[in-house]
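Descriptive structure summary
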Amino acid sequence: MNDSRYSAPHSADPDEFVRVSDVVKIFGDVVAVRSVNLSVKRNEIFALLGSSGSGKSTLLRMLAGFEETTSGQILLDGEDITSVPPYRRPVNMMFQSYALFPHMTVEANVAFGLKQEGVDRAEIHDRVFEALDLVQMAGYSRRKPNQLSGGQQQRVALARSLVKRPKLLLLDEPMSALDKQIRQKTQIELVKILEQVGVTCIMVTHDQEEAMTMAHRLAVMTEGQIVQCGTPQDVYAFPNSRFVASFIGSTNMFTGTIVVDEPDHVAIECAELTRPLYVNHGVSEPLGMEVHVSIRPERLLVSREQPDGDYNWAHGMVSHMAWMGSYALYQIRLDSGKTVEASVPSRLLAQMDAPGIDEEIFVSWDADSATVLAS
Amino acid sequence: MIRFSPRDWLPSGRALAVVPPFAWLVLFLLLPFLLVLKISFAEMKFGIPPYTSLAQFQDEAIQFSLHLRGYILLFTEDQYVRTYLSSVKIAGITTLVCVLIGYPIAYYIARSSARVRNLLLLAVILPFWTSLLLRVYAWVGILRNDGLLNNLLQGLGLISSPLEIYRTDLAVYIGMVYAYLPFFILPLYATLVKMDLRLLEAAYDLGAKPWQAFWQITVPMSRQGVIAGAMLVFIPAVGEYVIPEMLGGANTLMIGRVMWNEFFNNADWPMASAVTCVMVLLLLVPLVYFQYSQVRQQRQAGGRA
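Quick notes on the rules
- Residues numbered from 1 in each chain as written.
- Chains lettered and ligands numbered in written order.
- Predicted model: local features only at pLDDT ≥ 70, side-chain atom pairs only at ≥ 80, totals over all residues.
- Helix = DSSP H or I, 4+ residues; strand = E, 2+ residues; numbered from the N terminus.
- Buried ≥ 20, exposed ≤ 12 C-beta atoms within 10 Å, placed from the backbone.
- Contact = placed C-beta atoms within 7 Å.
- Pairing = 2+ DSSP bridges.
- Axes fitted to C-alpha atoms, helices over the stretch in contact; angles between N-to-C directions.
- Parallel < 35°, antiparallel > 145°, perpendicular 65-115°, else oblique.
- Left-handed = near helix turned anticlockwise from the far one by under 90°.
- Nonpolar A, V, L, I, M, F, W, Y, C, P; charged D, E, K, R; others polar.
- pLDDT = per-residue confidence, 0-100.
- Core = buried A, V, L, I, M, F, W, Y, C linked by C-beta atoms within 7 Å.

**Re the overall build of chain A**
Scanning chain A for helices and strands turns up 10 helices and 20 strands. The principal-axis extent of the C-alpha atoms belonging to chain A is close to 75 × 55 × 40 Å. Burial statistics for chain A: of 375 residues in total, 39% are counted as buried. Taking the intrachain contacts of chain A between residues at least 6 apart in sequence as the baseline, contacts between residues at least 24 apart amount to 64%.

**What to know about the sheet that holds strand β13 (residues 277-279) of chain A**
By way of backbone hydrogen bonds, the strands of a sheet pair with one another, either parallel or antiparallel. Residues and elements named next belong to chain A. Strand order in the open sheet made by the five strands is β13-β12-β11-β14-β20, with antiparallel pairing throughout. Bordering the open sheet on either side are β13 and β20 (370-373), each of which pairs with just one other strand. The average angle at which neighbouring strand axes cross in this sheet is 40 degrees, direction not considered. Taken together, the three bridges between strand β12 (residues 266-270) and β13 define a ladder with antiparallel strand orientation.

**Describing the packing of helix α4 (residues 78-111) of chain B against helix α8 (residues 169-194) of chain B**
Residue and element names in this part refer to chain B. Where α4 contacts α8, the axes come no closer than 7 Å and their chain directions differ by 45 degrees. Here α4 lies oblique to α8, going by the angle between them. Our pair here, α4 against α8, has a crossing hand that is right-handed. Across the contact of α4 with α8, the residue classes break down as 24 nonpolar, two polar and no charged.

**Things to note about the confidence of the model for chain A**
Confidence in the prediction for chain A averages 90 pLDDT; 97% of positions are at 70 or higher. Below pLDDT 50 for its whole length, residues 1-9 of chain A participates in two contacts with residues either more than four positions away or in separate chains.

**As for unusual backbone geometry**
Following I48(B), the chain continues to P49(B) via a peptide bond in cis, the omega torsion being -10 degrees. You can see P49(B) is positioned in the loop between α2 (13-40) and β1 (55-58). In this model, D77(A) sits at a positive phi of 55 degrees, which is unusual for a non-glycine residue. Among the secondary structure elements, D77(A) is positioned in the loop between β4 (71-76) and β5 (79-80). Even without a glycine there, the phi angle at E60(B) is positive, about 55 degrees. Assignment of secondary structure puts E60(B) in the loop between β1 and β2 (61-64).

**Overview of the interface of chain A and chain B**
Taken together, the contacts link 19 residues of chain A with 18 residues of chain B. Elements supplying a minimum of two residues to the side of chain A that touches chain B: β6 (91-94) and α3 (106-117) of chain A. With four residues, α3(A) is the single largest residue contributor to the side of chain A that touches chain B.

**Re the sheet that holds strand β8 (residues 200-205) of chain A**
Residues and elements named next belong to chain A. Taken together, the six strands give an open sheet; going across it, the order is β6-β7-β8-β3-β9-β10, and neighbouring strands pair in mixed fashion. Across the chains shown, the open sheet's two edge strands, defined by having one partner strand only, are β6 and β10 (225-230). Going from strand to strand, the sheet's axes swing by 20 degrees on average, the running direction of each strand aside.

**Re the pairing of strand β2 (residues 30-41) of chain A**
All names here are of chain A. With eight bridges joining them, strand β1 (residues 16-27) and β2 adopt antiparallel strand pairing. Counterpart to I26 in the pairing with β2 is V31. In this structure, the hairpin formed by β1 and β2 is closed by a connection of two residues, where G28 is found at a positive phi of approximately 60 degrees.

**Description of the environment of Q187(A)**
Within the element layout of this structure, Q187(A) appears in helix α6 (residues 180-197). Remark: the alpha-carbon pair of Q187(A) and E210(A), spanning 23 residues in sequence, is separated by 7.2 Å.

**What about the nonpolar core?**
Counting 103 residues, the largest nonpolar core has A159(A), L170(A), I202(A) and V220(A) as the members making the most contacts within it. If near-sequence neighbours (up to four positions away) are discounted, L170(A) is found in contact with L60(A), L63(A), A64(A), V91(A), M93(A) and I202(A). Listed in part, the 49 residues of the second largest apolar core include I109(B), F183(B), V258(B) and V275(B).

Structure representation (structure tokens):
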């Protein structure tokens, strides 16, 4: 190994547990992962979020050791595991379809990993039941996987991947095989178990709600690259591109030109809005440049009266309204023809006597509600 | 009170669907077997047919006689017992060799890319396009003392005098394994190709080295395919006639040859029938066991779903 090539280019974080450096994966003439850098802290739950074909699963499979990296390096707890075969990595994975061994009982499934290590039988038994207790499946130890429900299979799969006390746990689309109703409850349970055990975890998902519910930090991937990485709150509030803004949650996107550029505010002229946008913070883009502005639906305020001032409001007509229980989702056709979405809390809706379809209405937003994006 | 309604008498749609295969089995399997069973209890005589009937009207009485000569001979003359044992042994070894050779082949085909896989499957099935008789004749040509194999080895100077393979048990094994190997490969391939390869990844992930994963995951999961293939080899191999007749020596004992002798050389139909009935019984036992074990396994698997 050429050590100088891999000498840490970034200052080493003492909390850093997993480090992915310049990892590339090429299948034939398809680049699945192009130069990914990633750093995951000890005991962190980290989500790789992306749609299918974004390279997130390939990255996960390289972490597990099922795929060899074309180039780059993977460090786990300071140790280079880039070319360690999967059966020698202190890494365990919970598979998307769980991949429980159908010819073995629940107990044998969970014991499998310990058996390969040559752990003695009494200890295997203790640790298997400790793991099954953790996921509340000890009562099902003699069942075969096909005698369990989807949720039960998932818990057995979790026990199987935790029983070896891996340094790194990988979750591949952990909720995709579950019914929607039990998903959210399961997500919270799973996080509780992971925090109780204290394991570093990297999960892959295409479901942004799942990533935001479970992960401490997440990375958004597209076309084999990480486009943004941060806490769910940060990525949601400060997306760095139109792609991220619309991938994480829904948003209203406007395209315009910067007409006023001051250190403490900017104004953006926008063809889709009759009045300019006013943003109360500076931006790095120069005057006259075309930019995109993202405003989240929950940041749009709805009123019957025309708002004060010359900025940050628009007139339109309700074209559709969906009642979601705790809030209502309005689709409003602005005078420019553009349709925006606004989510209005039910409490506010009751106070203002909910506007109906085809009613004229004003939408407005605060000067700190908009995010300016260059790309 | 018992009430009769037309519905009890008219067959339902489901019953109708079972009729054709059921009728087929009765007509072409059960009835012929019952005929053979009947003949096995008759007495040999000269005439057409060359056996007596079981029931006779004589002296104002219907006499019903079961002649056990064939069965008694079978169990007292150790020629027959030895032939049965030898048949089972030859079929057993053939099956074992088929498992040992066929498993890697089936495994390799199942794990090949889709294109290569179809070519290889074709290669496995290809011999069936030629008659078995011709293919066995080809083996005669290869294995004979002045055949292809000996000529080749002698030409290369590897041996000085021809290997005596033709007309020995070894030739029978070669011919049988050759003829029956596809019957083992195909069902096993079908099982292996269906296997979810993520299970192997899961095994590696949990620390199993490739060969450990093979023994603990692939082998048990292909058990049904191995059993099905082994049955398809073993059962016809026990009664095989053509291959031992053409490749075997005078002392290659196989039940198919005995049957042939009794029927055509000795014209002893009852004896030949008795030989047949005992063979069927011999084959039914492993078959029933196989069926039983499969049902039990299915019940275990699907029991409390």
